[in-house]
Amino acid sequence: MGFLVDAERCIGCHACEMACKNEYQSEPNVRWRKVYPINETEYSLPERNHLSLACNHCEKPECLRVCPVRAYTKREDGIVIHDQGRCIGCKMCAMACPYEVPQYNVRLKKMEKCNLCDGRLDQGLKTACEAACPVEALSVIDFNGFTKYGFVIALPGFPDPSITKPTTRFIKPRIGAQVRRDQ
Amino acid sequence: MGEYPLILFTVLSQLSAGAAITLSLLDYFTKIDNSAGKKSTLVVLVMIALSLGISLLHLGHPFNAYRALTNIGSSWLSREAILFFLLGILLLVYYFQWKEENSFRKSLGLIISVVSVLAVVSSGMVYVLPAVPAWNNFSPILFFLFTGAALGPMFILLMLKLTNGAFSRLVQFTAVILAASLMCFIVYVSVLLSGSGASASTGSQIVGSGIFWPRLLVNWILPLGIFAWLTFKRISPDRKVVCSLFVMVFIGELLGRYLFYYASVALKVAGL
Ligand code: SF4
Ligand code: SF4
Ligand code: SF4
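For clarity, every value in this text was computed on a predicted model and none was experimentally measured.

Right, let's talk about the domain arrangement of chain B for a bit. Residue and element names in this part refer to chain B. Partitioning chain B into domains gives domain 1 (1–126) and domain 2 (129–272). Each of domain 1 and domain 2 has a C-alpha centre, and these two points are 21 Å apart. Here domain 1 meets domain 2 over a buried area of about 2300 Å², counting both sides, of which 80% is carbon and sulfur. On the domain 1 side of the contact with domain 2, I7, V11 and L15 bury the most area, a combined 22% of that side's loss. The interface formed by domain 1 and domain 2 contains zero salt bridges. On inspection of domain 1 and its partner domain 2, the count reaches three residue pairs in polar contact (both at pLDDT 80 or more). Residue assignment for the side of domain 1 that touches domain 2 shows that the elements contributing at least two residues are α1 (4–29), α2 (34–56) and α4 (103–126). If you tally residues by element for the side of domain 1 that touches domain 2, the top one is α1, at 13 residues. Taken together, the residues that form the side of domain 1 that touches domain 2 break down as 18 nonpolar, nine polar and three charged.

Rendered as structure tokens:
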């Protein structure tokens, strides 16, 4: 399982971020999902695009490797779960994740991160972020029997996917046609 | 509190590991006064316990720290915790062996040396993370070993009443270690600066930091200058000199560790 983020559709409204915060009532400084602006100079023409990211439920999760208390597990469907009950708040996972995903909850003195709405998915519901997106830019894809093409594994600003092999996939933004006066 | 507990824990634990190695090797190859050896073992043991205690302050839930021993399969943090814990237990046994000639103590000393090296190496491995390019190489291990090798022998020198031969050899050893670590540091920073992305920004954070020059001064320039001057004047250093050198290098290592934690730039999603 992984997120599919359509950067062409996304309008950067942060509704996904807010829906996630609302669903899990996270602390003011904690955001499991974050919407990042893509640097406007990355493409041939300056254009505003956004990247809505949460945990990438990586194939080779660094968080899971470094955690000394085995607070992380990878479910058979690929979801990387963080068990706050075991966490002792050593912050090792935050150092090791290239995407700054695990965040410290100062009240509980423990880490937390997106568990891909495991409870909602198990009930057959959509994730909170997917359900909230007004332009259907987010979805959860199942890699078993996944046959569509045209996705990329990284967009500008997304750290090297070879480290942890994230399962997040992206649809590239289309860069507008140039309007020029004929010579 | 930030990373202060980690700065203290790593420097103190490496100092203790270096001291444990020096003590047990001196005991193996030379003759040490029993009561001085016993006292030094106790001091090293207390320092290890203290450093482990300080490391708990870094945790959100110090009372559940025992759980950190459970993931030796993949977590270097678990391995580090177990090895330092084991080192403490071995030193406790060692402490009770300080009676006349004792071959068990000498063999135990060798095991202590091996465990000390492994403990410091695993401390270094904790920071070998692909997400922090400046650490994702041999450097954390190398510099942690240098810290132990620079501070440990001087510490034991100050604890024991050594004969002149062993004393001056240990002083020479420390000078060589300091010179080698300075060279490695220069190479390391140059390589970072010549890189790109997160490595280059780590390099410029290190060099641009206000404590870069103070660190160079107390950690290397002053101590090495003093060594050079003593050699030139053919003066053999006494305990007072070693004591002030120890204090300088100790402060230098603390500053260096501060830079290690605060100057490192991790990978992250660009934007925002
Ligand atoms: S994105 Fe980070 S926290 Fe999520 S699975 Fe990958 S390494 Fe772990
Ligand atoms: S902060 Fe918690 S989840 Fe993260 S590595 Fe430490 S114990 Fe594991
Ligand atoms: S809710 Fe949809 S459109 Fe709005 S920021 Fe999130 S992904 Fe983009």
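This part takes up the site of ligand 1. The environment of ligand 1 is formed by 13 residues, the closest being A:C55, A:N56, A:C58, A:C63 and A:C97. In terms of residue class, the shell around ligand 1 is built from nine nonpolar, two polar and two charged.

Strand-to-strand pairing in sheets goes through backbone hydrogen bonds, with the strands running parallel or antiparallel. All names here are of chain A. An order of β8-β1-β9 is seen for the three strands of this open sheet, with the pairing classed as mixed. The open sheet has two free edges, formed respectively by β8 (138–141) and β9 (169–171), since each of these has just one partner strand. Sheet twist, expressed as the mean angle between neighbouring strand axes with direction ignored, is 25°.

This part covers unusual backbone geometry. All names here are of chain A. Backbone geometry at K91 places phi at a positive 70°, although glycine is not the residue there. One can find K91 in the loop between β5 (80–82) and α3 (92–96). With phi around 40°, C117 is a residue other than glycine that occupies positive phi space. The topology assignment puts C117 in the loop between β7 (110–112) and α4 (118–122). Take C117: its relative accessible area is 7%, and that puts it in the buried class.

Reading the values: rules and limits
Residues numbered from 1 in each chain as written. Chains lettered and ligands numbered in written order. Predicted model: local features only at pLDDT ≥ 70, side-chain atom pairs only at ≥ 80, totals over all residues. Heavy atoms only, no water. Domains from an automatic or database assignment. Buried area = accessible area lost by both parts, 1.4 Å probe. Salt bridge = Lys/Arg side-chain N within 4 Å of Asp/Glu carboxyl O. Polar contact = N/O pair within 3.5 Å; in protein donor to acceptor, adjacent residues only side chain to side chain. Helix = DSSP H or I, 4+ residues; strand = E, 2+ residues; numbered from the N terminus. Nonpolar A, V, L, I, M, F, W, Y, C, P; charged D, E, K, R; others polar. Near = heavy atom within 4 Å. Pairing = 2+ DSSP bridges. Axes fitted to C-alpha atoms, helices over the stretch in contact; angles between N-to-C directions. Buried < 20%, exposed > 50% of the residue type's maximum accessible area, 1.4 Å probe, protein only.

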